[in-house]
Amino acid sequence: MDESIRQRLMQFSMKKSHVQVDIPQVIIELLSGIQQNEFLVESSYTQWRKRQANILEELFSSVNYPEMQELGILLDKIRNPEEWNIIMTPADRAEVLLAIRQVASSLSSMRGSSHVQGGSNYWNAGYHINIRLYERLLFGVFDILDEGQLIEEHAEYLKLVKLTWGTLGITQKMHDALYGWVLFQQFIETEELQLLDQANLQVQKVLSDSYKGGTEEQYTDSLMCTVTDNVTETRLSLVQAIFRAISLWCDSRLNDYHLHFKEKTVFFQKLVSIGLAVGKDNSVTDNEVKVTNLNANGKSVAVRATLYVERSLEAACRLIEDTINLVSKMEGKHPLAFLASEVRVVAERELYVFSPVLCQWCPDAGVVASVHLHQYYGKKLKPFLENVSFSVDAISVLSAAHHLEHYLIQSFNSKDGDNDVGSFSNHEIDFYQIHKISRPIVLDWLISQHERMLEWTGRTFHLEVWEPLSNQQKQAASVVEVFRIVEEVCIIMNNSRIFMCLIFLCDFSLQTVDHLFGLNLPMDISHLQALLSIIFHALDGYLQNLVSQLVDKKHLYPAPPPLTRYKETMFPIVKKKVLDSVILDEEVNEKLEGLTAVKLCVRLNTLEYMQKQIDILEDGIKKSWASTMVSGNSRDPAGTTDIMHDDSEAIDALFVATFDSIRDSIADAIRKIYDLVGTRVVFWDLRDSFLFRLYHGSVEGARLENLLPKLDSVLNQVCDLIEDTLRDRVVASICRAALEGYIWILLDGGPSCAFSDSDVTMMEEDLNMLKDLFVADGEGLPRSLVEMESKLAHQVLSLFSLDAESVIHMLMMASENLSTGFGSGIVGQRSLDDANTLVRVLCHMKDKEASRFLKLHYHLPPSSDYVDSPSNESTPKAAMGGAEFLRSASVRWGEKGNSSFRLLKKTFQGGSFRWS
């Protein structure tokens, strides 16, 4: 068929070599010259013939041929295969074609109102057929294997296509417009960015007005299209129609660019550029749309960019509204709080992705977006604010609303400042006034947190068992649960949840601070004062509970045995007196059960952790407070009201009053526990093995070396448990208590403890062993510290190396000094010139002269009268210490010499007293 058509066209061109040929003439020549036998299939011939008839009909109808009805009858004969092939003879067929040829010839001789050289009236009326043909030719520039790519020879191909311009009536401007339209269509199909770039170049070329004027330009502008939009018909030129098609597609995407370009931002700028370039003016006159050559500074461009912003934001907000109720229920948020967060997301995307592009054509685009979103959310928020009161929803919504408003103002104002355009606040904005509404609500929220925290603190304390979690985590065992809860904690927490340690208390305080400042609500100094009050009462209440569990260390000391003088048993059959003991009060005993060395160490670890957290907490609040002031939460959005007073002295005073007081309480609790740990270990846990065994019966038979392993084991256990920063102080406490226990054995060891001159050397060796244990070859306490703590023990031990007469003389001098007010005068401490100490040294001397002195002057019973076997489960009630007694006794020692000595004697005879 192709070969047959080529032959007929060559023959026709040879006959019409000097005559202008148009499409109707070509078609009539082909219909008359090509027969059915030249087609392999009859149906193909029939289809080809129908197509030729349709083209003729389209051309004739376009020029409004008056006898179109009669001409249509002739064309129907050509289409009808039965009539054309069977009924009609060759002469009849020739007659039909001749009639059509005459019509075409008459119409061809008519000139159009504007034309190119050699053109005919058909080019004015039936040009759309030519345009379709040319459009299909232009699609040949694309690779059939990769439709998003141009063929390598596309430039040469376009040169060949241009050869058809004379026949199809194409001009340069029409070509540029059509080629841009073809590239744009292919971009829509393939989303290949380079095609969009090429299309944009073609559009810009058409808009550049670089074409020559004259008949070609007039001809191109005279080719009109009728576009029907609903019920309205609009007449456009070919270029305008192409631009309108591009504009409609761009508008359909750019009017909702948050949806279409959220993932494909690279297309956005290029589509905005081409969309604004081909955009139509909104004015319509005489059913004709005016297409303006828009430029980067044109007012109409800014108007269209503004429309893109407003319509896209409206579409984005509608999309949020469609899912707001369902999603807010799933996430447990109030719909308005969820809406604010989603609007914030839209605003952020607008600010960082779209506004920088749109500002190239509309510098005010960012402010337009900000104002639009602010007004949109304000309409939704207003009914809620009319009846707002303290609740979880109120806090969440107010926080979200303030956060959104603050973001819209600050972010877009900063952008506008760079572009020297009107800022957000220059528009007539109905601000949310969150600062006025939220201030009392935040205080109510803080008050509710205060009550809850006090309740949780009490529950936390009473449920804590004070056991270490592991060798690495030496705080309370509930720390794992605490940190899990911290992640889940919300602004208003579940009353039924129980938290289990002090570590959480500090973390919870931090969480409360984070929530308070994370609310992004305006605050003043009253809010800070309320927050610090919450923290103070929570932490102070916890500390008070912790301290209330402690006991006075005096309850840990054994009952001091009665004062006796040394005397060997003479009559074994004599019934001996049993040492009395006093049972502890039930409350004290119950407390002591929970105050093991391990649990005391865990308390110390916890308090030390609390000290660190207090510093972190204070710094965090100060930074949050400062950032709140800097971020603008202290001012209303309009910038007219200063809500937060920057009174630095008052704020500093609040921090000092709160945190320094807590630090003092923590330090005091730590000191008490340090003091209690050593006393607990030596005077309670090691009472039987240390106090009641060392030197009992004889020094040689009860040496310290037999008892050191137990003390060493306790030290190892404590060192493994306690934090490294606390270890030395805890070990020092045990060292001090061990030396106090050693002195207790020397002075209050009871009737079974008596020392001779020959025992002192062994006792000195034992004391040195005890010191070496704590020095631990340089890995323990500093030797200087141990030497200082053991100074009194050496001094007391040195008294046993003196003869009895010297000690008696020292006792007389001590009694004289006390009566005149020159004694040691320090309650609870021993010294060499202390009468209480010297009497006890005489009581524990294996010396007949000392025994006679004590019998003669104090009438003390012999040690052999007592069975020295106290129970390790007993301890005395609070008894008056020796120094306290001597202080009270000194009031009565108003006379010198024997008078003072007699009073001291009566005191010894009246009962025993212990050192504390």
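Just so we're clear, the structure is a prediction, and the values are computed from it rather than from any experiment.

I keep staring at the overall build of the chain and nothing clicks. Help me out?
Broken down by element type, the chain carries 38 helices and six strands. Residue burial in the chain is summarised as follows: out of 916 residues, 50% are buried. For the chain, contacts bridging at least 24 residues in sequence account for 76% of all contacts bridging at least 6. Counting only carbon and sulfur atoms, one obtains 51% of the accessible surface of the chain, whose full area is about 43800 Å².

Which parts of the structure should I look at to understand the pattern of salt bridges?
Any two side chains of opposite charge can pair, given that their charged atoms come close. For the coordinates displayed, the defined rule picks out 27 salt bridges. Two residues, Glu787 and Arg783, come together in a salt bridge whose shortest N-O distance is 3.9 Å. Here the residue Glu787 and the residue Arg783 both occupy positions in helix H32 (residues 783-789), the gap between them amounting to four residues, near one helical turn. Using a relative accessible area of 41% as the deciding quantity, one classes Arg783 as partly exposed. Taken together, the shared-partner salt bridges in this structure form one network comprising Asp615, Glu618, Lys622, Asp660 and Arg663.

Explanation requested: the pairing of strand E1 (residues 224-229) in the structure shown.
Along a regular strand, successive side chains alternate from one face of the sheet to the other. In terms of strand pairing, E1 meets strand E2 (residues 232-237) through six bridges, oriented antiparallel. For Cys225, the partnering residue across the bridge sits in E2 and is Leu236. As consecutive antiparallel partners, E1 and E2 are separated by two residues, and within that stretch Asn230 has a phi angle of approximately 60°, a positive value.

I keep staring at the nonpolar core and nothing clicks. Help me out?
Residues Phe184, Leu271, Tyr377, Leu381, Tyr742, Leu746 and Phe774 are the most contacted members of the largest nonpolar core, which totals 211 residues. When near neighbours in sequence (up to four residues on either side) are disregarded, Phe184 contacts Leu196, Ala199, Ile246, Trp249, Cys250, Leu271 and Ile274. Ile5, Phe39, Leu75 and Ile78 belong to the second-largest nonpolar core, a separate cluster that totals 25 residues.

Before we go on, may I ask you to explain helix H30 (residues 724-748) in this structure?
Residues lying three or four places apart along an α-helix face the same way, a consequence of the helix completing one turn every 3.6 residues. Between the first and last C-alpha of H30 there are 35 Å, a value that for 25 residues agrees with the 36 Å anticipated at 1.5 Å per step. With 19 of 25 residues buried, H30 is to be regarded as a mostly interior element. Downstream of H30 by a residue or two, Gly750 has a phi angle that is positive, lying close to 95°.

Any chance you could explain the packing of helix H24 (residues 525-548) against helix H27 (residues 648-685) here in plain terms?
Axis angle and axis distance: for two packed helices, these are the angle between their axes and the distance between the axes, and together they describe the pair. Two elements in contact, H24 and H27, have axes whose closest approach is 10 Å; the angle formed by their N-to-C orientations is 10°. Here H27 runs roughly parallel to H24, going by the angle between their axes. Per-class residue counts for the contact of H24 with H27 are 18 nonpolar, four polar and two charged.

Would you mind going over the side chain of His844 with me for this structure?
One can find His844 in the loop between helix H35 (835-843) and helix H36 (848-858). At 3.5 Å, the side chain of His844 forms a polar contact with the backbone nitrogen of Gly750. One polar contact links the side chain of His844 to the main-chain carbonyl oxygen of Arg840, over a distance of 2.8 Å. Setting aside residues up to four positions removed in sequence, His844 forms contacts with Leu746, Leu747, Asp748, Gly749, Gly750, Cys753, Ala754, Phe755 and Phe800.

What exactly am I supposed to notice about the packing of aromatic side chains here?
We describe a pair of aromatic rings using the distance from one ring centre to the other and the angle between the two ring planes. In the structure shown here, the tally under the stated rule is 20 aromatic pairs. Judged by centre distance (6.0 Å) and plane angle (75°), the ring pair of Tyr695 and Tyr742 falls under edge-to-face. Note that Tyr695 is positioned in the loop between helix H28 (687-691) and helix H29 (708-721) and Tyr742 in helix H30, a separation of 47 residues in sequence. Here Tyr695 matches Tyr742 in class, with each residue buried. Members of the aromatic cluster, each reached through a chain of ring pairs, are Phe184, Phe187, Trp249 and Phe267. The aromatic ring of Trp84 is capped on one face by Arg93, whose charged end is 6.0 Å from the ring centroid.

Can you walk me through the packing of helix H12 (residues 193-207) against helix H16 (residues 265-277) in this structure?
At a closest axis distance of 10 Å, the pairing of H12 and H16 adopts a crossing angle of 20°. Comparing the axis directions of H12 and H16 gives the class roughly parallel. Classified by chirality, the crossing of H16 by H12 is left-handed. Of the residues in H16, those in contact with Leu193, Leu196, Asp197, Ala199, Asn200, Val203, Gln204 and Leu207 of H12 are Val266, Phe267, Lys270, Leu271, Ser273, Ile274 and Ala277. Split into classes, the residues belonging to the contact of H12 with H16 amount to 10 nonpolar, three polar and two charged.

Honestly, the environment of Ile55 in this entry has me stumped. Any pointers?
Its place among the elements puts Ile55 in helix H3 (residues 42-62). Taking relative accessible area as the criterion, Ile55 reaches 24% and is therefore assigned partly exposed. Once the C-alpha coordinates of Ile55 and Ile129 are considered, the two residues, 74 residues apart in sequence, prove to be 8.2 Å apart. In this structure Ile55 touches Ile23, Ile27 and Ile129, once residues within four positions along its chain are discounted.

Please explain a negative patch on the surface as it appears in this structure.
On the surface, a cluster of negative charge is made up of Asp757, Asp803, Glu805 and Glu849. Mapping Asp803 onto the fold places it in the loop between helix H33 (791-799) and helix H34 (804-819).

Honestly, helix H2 (residues 23-33) in this entry has me stumped. Any pointers?
In terms of burial, H2 is largely enclosed, as eight of its 11 residues are buried. What H2 keeps buried is the set Pro24, Gln25, Ile27, Ile28, Glu29, Leu30, Leu31 and Gly33.

Please clarify how the confidence of the model for the chain should be interpreted in this entry.
Low-confidence regions, as indicated by low pLDDT, have predicted coordinates that should not be scrutinised in detail. Residues of the chain with pLDDT of at least 70 account for 76%, and the chain-wide mean is 77. Below pLDDT 50 for its whole length, residues 113-119 participates in 15 contacts with residues either more than four positions away or in separate chains. A low-confidence stretch, residues 416-422 (pLDDT under 50), is modelled with 12 contacts involving residues beyond four sequence positions or located in other chains.

How should the state of the cysteines be read in this particular structure?
Should the sulfur atoms of two cysteines be covalently bonded, the bond is a disulfide. For the structure on display, the rule yields zero disulfides. No disulfide involves Cys601; its sulfur sits 8.9 Å from the nearest other cysteine sulfur, which is in Cys719. Given the relative accessible area of 0%, Cys601 is considered buried.

Reading the values: the criteria
Along each chain, residue indices are assigned from 1 in the same order as the chain's sequence is written. Restriction of local features to residues with pLDDT of at least 70 applies here, the model being predicted, together with a cutoff of 80 or more for giving and counting side-chain atom pairs; totals for whole chains, interfaces and linings are based on all residues. For the side-chain quantities, the full set of heavy atoms in the structure was used; hydrogens and water were omitted. Per the convention used, a helix needs a DSSP run of H or I reaching at least four residues, while a strand needs a run of E reaching at least two, with both numbered from the N terminus. The rule is simple: take the accessible area with a 1.4 Å probe, protein chains only, and divide by the maximum for that residue type; under 20% is buried, over 50% is exposed, in between is partly exposed. Working rule for contacts: check all heavy atoms of both residues, and any pair within 4.5 Å makes them a contact. Working definition of accessibility: Shrake-Rupley area with a 1.4 Å probe, residue cover restricted to the visible protein chains. By definition, a salt bridge exists where a carboxyl oxygen of Asp or Glu is found within 4 Å of a side-chain nitrogen of Lys or Arg. The rule for pairing is simple: two strands pair if DSSP sees at least two bridges between them. Only buried residues count toward a nonpolar core, which is a set of Ala, Val, Leu, Ile, Met, Phe, Trp, Tyr and Cys residues joined through side-chain atoms within 4.5 Å. By definition here, a helix of n residues has an expected span of 1.5 Å times n minus one. To get an axis, fit a line to the C-alpha atoms, keeping to the stretch in contact for a helix; angles then go from 0 to 180 degrees between the N-to-C directions. Angular relationships are summarised with four words: roughly parallel below 35 degrees, roughly antiparallel beyond 145, roughly perpendicular across 65 to 115, and oblique for the angles in between. Just so you know the grouping, Ala, Val, Leu, Ile, Met, Phe, Trp, Tyr, Cys and Pro go in nonpolar, Asp, Glu, Lys and Arg go in charged, and all remaining residues, Gly too, go in polar. Any pair of nitrogen or oxygen atoms within 3.5 Å is treated as a polar contact; in protein, a donor-acceptor pairing is required on top of that, and neighbouring residues in sequence qualify only through side-chain atoms on both sides. Between 30 and 60 degrees the pair is tilted, below 30 it is stacked and above 60 it is edge-to-face, where a pair is any two Phe, Tyr or Trp rings, Trp via its six-membered ring, whose centres lie within 6.5 Å. Any Lys NZ or Arg CZ that is within 6 Å of a ring centre and within 35 degrees of that ring's normal is treated as a charge sitting over the ring. In a left-handed crossing the near helix is turned counterclockwise from the far helix by less than a right angle, and in a right-handed crossing that turn is clockwise. Exposure above 30% relative accessible area and no salt bridge define the residues that can form patches, which grow by joining like charges within 9 Å and nonpolar side chains of Val, Leu, Ile, Met, Phe, Trp and Tyr within 5 Å. Counted as positive: Lys and Arg. Counted as negative: Asp and Glu, with His and the chain ends omitted from the count. Note on charges: their place is set at NZ of Lys, CZ of Arg, CG of Asp or CD of Glu. For every residue, the predictor states its confidence as a pLDDT score lying anywhere from 0 to 100. In what follows, a disulfide is any cysteine sulfur pair within 2.5 Å.

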